[in-house]
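# A structural walkthrough
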Amino acid sequence: MNLPEDGSPNLLGALALLVGSRVRASASASVGAGGALAEALIVLKDQPGVTAEWLGQVLGLTQPGVAHLVRRLREQGWVERRPGADARSRALHLTTDGTAAAARVLHERQEALTALLAPLTAEQRHQLADIARVLLHDEVADARSLAHLCRLCDRERCPQCPVHAGYLELAQD
C-alpha cells in the first residue's frame, strides 16, 4: 500500500534520475556528443532501415531536430542513407564506423550501470531485476513506444526482455 509515509515513490524517482544521469553521461562521453546521437546509434543498430521520420518519433525530436541529428550522424561517418521501402523514402543504416560507435555506447553504458549495481548483493540484484520486470512489462503501446523505451538497451544482454514480452502480449489481444 502506498501510504504518505512510504518513501518508495520518492526513492524510485531519485533512483531514476541517478540512473538516467549516469547513462546519459556515459553515452555522451562514448561518442563525444549529446545523448540523442548515442540513442540514434543504438536505435539504428537494432532497427536498420528505418526512416528519419520514424527515428525522430522514437527519440522525441521535431522534424528539424531529426534532420540535424541525421546530418551529424552522416558527418561523423556513422550513418548512410539508402533507398527506402518506396520511391520517396530513404532508409538509414549504420556504417562500419557507426556500428563500432554503437558498440562503444553500449560498452560505456554497461560499465556505468555495473558500477551503480556494485554495492548490491547478488540477492538484491536478483530482486531488483524482478521488480524491474514487473514495472516494465506493461509499458508499451506500439512498436515505436517499444523502441523508445529500449532506445539505449543492449538487447543481447536481455534475451527475455519484459518490455518486448509485454508488447507481444498486447499485439496478441
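Since the model is a prediction, treat every value here as computed from it, not as a measurement. (Residues numbered from 1 in each chain as written. Predicted model: local features only at pLDDT ≥ 70, side-chain atom pairs only at ≥ 80, totals over all residues. Heavy atoms only, no water.)

Let's shift gears to the packing of helix α1 (residues 8–31) against helix α5 (residues 96–117). Closest axis-to-axis distance for the α1/α5 pair is 8 Å, and the angle between their directions is 145 degrees. Viewed along their axes, α1 and α5 form a crossing whose handedness is right-handed. Contacts between α1 and α5 involve Leu 18, Val 19, Arg 22, Val 23, Ser 26, Ala 27, Ser 30 and Val 31 on the former and, on the latter, Ala 101, Arg 104, Val 105, Glu 108, Arg 109, Ala 112, Leu 113 and Leu 116. Classifying every residue of the contact of α1 with α5 gives 10 nonpolar, 2 polar and 4 charged. (Axes fitted to C-alpha atoms, helices over the stretch in contact; angles between N-to-C directions. Helix = DSSP H or I, 4+ residues; strand = E, 2+ residues; numbered from the N terminus. Left-handed = near helix turned anticlockwise from the far one by under 90°. Contact = heavy atoms within 4.5 Å. Nonpolar A, V, L, I, M, F, W, Y, C, P; charged D, E, K, R; others polar.)

Moving on to the nonpolar core. With 31 residues, the main nonpolar core has Leu 41, Leu 44, Leu 55, Leu 73 and Val 105 as its most contacted residues. Of all the elements in the fold, those that place two or more residues in this core are α1, α2 (35–46), α3 (52–59), α4 (63–75), β2 (90–94) and α5. No other element matches the 7 residues that α2 contributes to this core. The residues touching Leu 44, leaving out its near neighbours within four places in the chain, are Val 50, Leu 55, Leu 73, Val 79, Leu 92 and Leu 94. Membership of the second largest hydrophobic core comes to 5 residues, among which are Val 140, Leu 146, Cys 161 and Val 163. (Core = buried A, V, L, I, M, F, W, Y, C linked by side-chain atoms within 4.5 Å. Buried < 20%, exposed > 50% of the residue type's maximum accessible area, 1.4 Å probe, protein only.)

In this section: the pairing of strand β1 (residues 79–83). With 5 bridges joining them, β1 and β2 adopt antiparallel strand pairing. Each residue of the ladder has a partner; that of Pro 83, found in β2, is Arg 90. In textbook terms, the turn of a hairpin is the stretch between consecutive antiparallel strands, and for β1 and β2 this stretch comprises 6 residues. (Pairing = 2+ DSSP bridges.)

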